[in-house]
Amino acid sequence: MTAVIADELTGGPTLPQRRRLLTEVPGPRSRALAARRDAAVPAGLGSAHGVYTAAAGGGVLVDVDGNSFLDFASGIAVTTVGNAAPRVVDGIRAQAGMFTHTCMLATPYENYVEVCERLNELTPGDHDKRTALFNTGSEAVENAVKYARAATGRQSVVVFDHAFHGRTLLTMGMTAKNMPYKSTFGPFAPEVHRVPMAYPYRWPSGPDNAADEAFAQFAMVIDAQLGADEVAAVVVEPIQGEGGFIVPAPGFLARVAAFCRDRGIVFVADEVQSGIARTGDWFASEHEGLVPDLVVSAKGLAGGMPLAAVTGRAEIMDAAHQGGIGGTYSGNPLACAAALGVFDTIEADRLLARAREIGDTFVGELRMIAADSGRIGDIRGRGAMIAAEFVSDADKTPDKAAVAEVVRVCRDQGVLLLTAGTYGNVLRFLPPLTMSDEQLADGLGVLRDAIAAL
Ligand SMILES: *Cc1c(COP(=O)(O)O)cnc(C)c1O
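The shown structure was predicted, so the numbers you read here are calculated from the model rather than taken from an experiment. (Residues numbered from 1 in each chain as written. Predicted model: local features only at pLDDT ≥ 70, side-chain atom pairs only at ≥ 80, totals over all residues. Heavy atoms only, no water.)

Quick look at the site of the ligand
For clarity, the cut-off: Residues are classed as near a molecule or strand on a simple rule: at least one heavy atom within 4 Å of it. Whenever two N or O atoms come within 3.5 Å, that pair is a polar contact, provided that in protein one can donate a hydrogen and the other can accept it, and provided that, for residues adjacent in sequence, both atoms are side-chain atoms. Only the protein chains shown count as covering a residue, and every accessible area follows the Shrake-Rupley method with a 1.4 Å probe. Residue classes follow a fixed rule: Ala, Val, Leu, Ile, Met, Phe, Trp, Tyr, Cys and Pro count as nonpolar, while Asp, Glu, Lys and Arg count as charged, and any other residue, Gly among them, counts as polar.
In the vicinity of the ligand, the contacting residues are Thr-136, Gly-137, Ser-138, Phe-164, His-165, Gly-166, Glu-237, Asp-270, Val-272, Gln-273 and Lys-299. Between the ligand and Phe-164 there is a distance of 3.4 Å, counted from a nitrogen atom to a backbone nitrogen or oxygen. Protein contacts shield 83% of the accessible area of the ligand, which totals 380 Å² for the unbound molecule. A per-class count over the shell around the ligand returns two nonpolar, six polar and three charged.

Looking at the pairing of strand β7 (residues 231–236)
To keep things clear, this is the line we draw: For the exposure calls, accessible area comes from a 1.4 Å probe over protein chains only, and a residue counts as buried if that area is under 20% of its type's maximum, exposed if over 50%, partly exposed in between. Only DSSP runs of H or I reaching four residues or more are called helices, and only runs of E reaching two or more are called strands; each is numbered from the N terminus. Whether two strands pair depends on DSSP finding at least two bridges between them. Convention used here: a crossover is right-handed provided that the path from the first strand, over the helix, to the second strand proceeds clockwise when the strands point away from the viewer.
Of all six residues that make up β7, six are buried, and the element is covered over most of its length. Bridge count between β7 and strand β8 (residues 266–270): four bridges; the pairing is parallel. Bridging from a neighbouring strand, Val-234 pairs with Phe-267 of β8. Regarding topology, helix α9 (residues 252–263) serves as the crossover connection from β7 to the parallel β8, and that connection is right-handed.

What about the nonpolar core?
Definition in use: Joining through side-chain atoms within 4.5 Å is the link that ties buried Ala, Val, Leu, Ile, Met, Phe, Trp, Tyr and Cys residues into a set, and such a set is a nonpolar core. For every domain, the bounds stem from an assignment made automatically or drawn from a database. Note on contacts: a residue pair is in contact if any heavy atoms of the two residues lie within 4.5 Å.
Counting residues in hydrophobic clusters, the biggest one holds 63 residues, and the most contacted among them are Leu-417 and Leu-447. Inspection of this core shows a minimum of three residues originating in each of domain 1 (3–84 + 350–452) and domain 2 (88–348). Every residue in contact with Leu-447, bar those within four places of it in the chain, is listed here: Leu-366, Ile-369, Val-406, Cys-410, Leu-417, Leu-427 and Phe-429. Core analysis: the second largest hydrophobic core is formed by 33 residues, Met-197, Ala-198, Val-234 and Val-256 among them.

Side note on the packing of aromatic side chains
Going by this rule: Note on aromatic pairs: the rings of Phe, Tyr and Trp (six-membered ring only in Trp) are paired at centre separations within 6.5 Å, and the planes decide the class, stacked below 30 degrees, edge-to-face beyond 60, tilted for the rest.
Taken as a whole, this structure holds 11 aromatic pairs when the rule is applied. Summarising the aromatic geometry, the rings of Phe-160 and Phe-252 are spaced 6.0 Å apart at their centres and angled 85° between planes, so their arrangement reads as edge-to-face. Taken together, the positions of Phe-160 in strand β5 (residues 156–160) and Phe-252 in helix α9 put the pair 92 residues apart, joining distant regions of the chain. Residue class for Phe-160 comes out buried when judged on its relative accessible area of 1%.

Focus: unusual backbone geometry
Cis geometry is adopted by the peptide bond preceding Pro-26, which originates at Val-25 and carries an omega value of -10°. Looking at where Pro-26 falls in the secondary structure, it is placed in the loop between α1 (2–8) and α2 (28–40). In this model, Met-179 is joined to Pro-180 through a cis peptide bond whose omega is 10°. Take Pro-180: it is sitting in the loop between α7 (169–174) and β6 (192–195). If you check the backbone angles, Ala-277 has positive phi at about 80° while not being a glycine. With respect to the helices and strands, Ala-277 occurs in the loop between β8 and β9 (294–297). Ala-277 gets classed as buried once you look at its relative accessible area, which sits at 0%.

Observations regarding the packing of helix α5 (residues 110–122) against helix α11 (residues 333–348)
For the record, the criterion: Here the axes come from fitting lines to C-alpha atoms, over the contacting stretch only for helices, and the angles between their N-to-C directions go from 0 to 180 degrees. For a crossing to be left-handed, the near helix must be turned anticlockwise from the far one by less than a right angle; the clockwise case is right-handed.
Interhelical geometry of α5 versus α11 gives an angle of 40° and a closest axis separation of 9 Å. Read as a crossing pair, α5 and α11 show a hand that is left-handed. Contact residues: α5 offers Asn-111, Tyr-112, Glu-114, Val-115, Arg-118, Leu-119 and Leu-122, while α11 offers Pro-333, Cys-336, Ala-337, Ala-339, Leu-340, Phe-343, Asp-344 and Glu-347. When its residues are assigned to classes, the contact of α5 with α11 shows 10 nonpolar, one polar and four charged.

Focus: the sheet that holds strand β2 (residues 60–63)
In spatial order, the strands read β1-β2-β3-β13; together these four strands make up an open sheet with mixed pairing. Two strands in the sheet have a free side with no partner beyond their single neighbour: β1 (53–57) and β13 (415–416). Across two bridges, strand β3 (residues 68–71) lies against β13 in parallel orientation. The residue bridging Asp-71 from the neighbouring strand is Leu-416, located in β13.

Quick notes on the domain arrangement of the protein chain
Just so we agree on the cut-off: Put simply, buried area is how much 1.4 Å-probe accessible surface two parts lose in total, over both of them, once they are put together. Salt bridge, as applied in this entry: a Lys or Arg side-chain nitrogen positioned within 4 Å of an Asp or Glu carboxyl oxygen.
The domains assigned to the protein chain are domain 1 (3–84 + 350–452) and domain 2 (88–348). Placing a centre on the C-alpha atoms of domain 1 and another on those of domain 2 gives a separation of 26 Å. Between domain 1 and domain 2, the contact holds 40 residues from the first and 36 residues from the second. Roughly 3200 Å² is buried in total at the junction of domain 1 and domain 2, and carbon and sulfur atoms are behind 58% of that figure. There are three salt bridges connecting domain 1 and domain 2.

Re the sheet that holds β6
Here we have seven strands laid out as an open sheet, ordered β4-β10-β9-β8-β7-β5-β6, and mixed in their pairing. Both outer strands of the open sheet, β4 (129–134) and β6, are each paired with one neighbouring strand and no more. Each neighbouring strand pair of the sheet contributes to a mean axis angle of 20°, computed without reference to strand direction. Judged from the four bridges that link them, β9 and strand β10 (residues 308–313) form a sheet pairing that is antiparallel. Each residue of the ladder has a partner; that of Val-295, found in β10, is Thr-311. Of the strands in this sheet, β4, β9 and β10 are in contact with α5, which crosses β4 at around 130°. Contacts from helix α6 (residues 137–152) reach β4, β5, β7, β8, β9 and β10, with the element oriented near 25° to β10.

Section: the pattern of salt bridges
Enumeration according to the criterion identifies 23 salt bridges in this entry. Where Arg-313 meets Asp-293, a salt bridge forms, and the shortest distance between an N and an O atom there is 2.7 Å. Placement of the pair is Arg-313 in strand β10 and Asp-293 in the loop between β8 and β9, with a sequence separation of 20 residues. One salt bridge connects Asp-437 with Arg-354, and the closest N-O pair in it is separated by 2.9 Å. Linking Asp-437 in helix α14 (residues 437–452) with Arg-354 in helix α12 (residues 351–373), this pair joins segments that are 83 residues apart in sequence. Given the relative accessible area of 14%, Arg-354 is considered buried.

Below, the structure written as structure tokens:
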């Protein structure tokens with residue numbers, strides 16, 4: 001059934017950039033696939049929207065029933081340059097015709113090296129850098145910890161409240177939220193320690209105290225409890241992703257970075273979600289002038305091909321012994337070709353500036369919606385990484401049900417959204433940076449009506 005619809009469609013830039021509903025959502029073909037899925041795929045793999053994809057292009061996704069959705073999720077911050085972006089697709093096609101794999105550890109190839117060169121240039125700081133490529137965000141975070149341990153000879157890793165770093169054994173332990181990420185899957189790797197995040201909206205003594213008080217606790221834990229000379233790395237998302245698009249209080253991360261520098265602790269920015277143009281800079285760290293020792297990128301890096309990277313100071317990256325780092329598929333040539341297409345698209349189409357414009361559009365509209373509805377307690381983010389936190393009263397009680405309802409109503413009207421947040425009460429917006437003003441206005445209109453109807 002999928003083939004029938006897909007044959008009539010071409011994804012990529014020629015796909016009509018419109019929202020159009022032909023059936024109820026999910027339609028009959030999606031429901032039939034869901035039944036097959038339930039018999040073949042384990043229940044623990046969620047599928048938020050339940051509509052099965054036939055084709056996608058730019059900011060539109062067409063399902064197997066022919067419904068066209070505006071995509072405000074980008075496959076979780078992945079298709080930043082639009083789905084099936086022309087330079088990405090061309091790069092993959094050309095590379096697939098030459099060779100599909102050799103293994104970088106055996107017979108290397110040029111586009112791996114070129115991706116590393118580009119990331120060495122694009123990440124913050126003009127120090128001597130090296131980049132290593134991996135398959136997933138979690139795998140890259142794990143490797144950042146390996147580099148930090150090898151370079152420092154220390155073991156402890158410090159992470160923050162509301163953090164998300166992945167689903168593998170080490171990164172599960174680094175992730176804050178029990179359900180659904182950790183529950184029943186322990187025990188976790190040792191020597192991972194958690195400190196408060198300067199979360200302005202929910203800081204107990206008010207947003208103005210968040211940076212000072214969170215930093216004091218961070219410094220106390222490391223200096224007094226762990227011992228700074230036992231700490232290999234501090235790992236932080238410059239804007240927390242799954243935790244609810246939490247933008248740390250101004251100045252907090254700069255103080256954390258300076259503290260790490262003074263004590264020889266490797267400062268790792270997990271930019272898996274916030275990196276690669278999402279926030280209007282190549283990396284969110286740039287906004288506050290941070291120069292992390294290691295930067296982890298993944299999601300937006302290769303237009304959906306599995307690719308992740310650790311970029312960092314040459315002396316840290318070169319500290320791991322030969323053969324200690326790597327993987328069979330890491331830095332696959334198709335994924336590298338896609339990444340080069342992503343870099344070129346961001347530059348040629350000026351998508352850094354576009355991310356900022358999109359952010360302004362969203363924030364402006366969300367402020368008006370918030371003034372009318374009274375259910376939005378906080379609007380935050382940067383560039384095209386924007387969120388609204390929903391609360392049910394003046395005590396900021398998280399309103400998860402309202403967010404779930406808005407997501408469902410918007411999906412039924414042809415707009416795809418994602419949730420986030422430790423309390424599940426955050427609506428997050430991650431539109432592709434190629435979306436037109438008309439598409440943004442259309443999707444935001446649907447959102448406004450969905451919130452008004454709560
Ligand atoms: C998604 C994410 C990860 C994990 O990436 P995977 O590719 O899903 O393993 C790690 N860190 C952050 C900040 C993320 O958003």
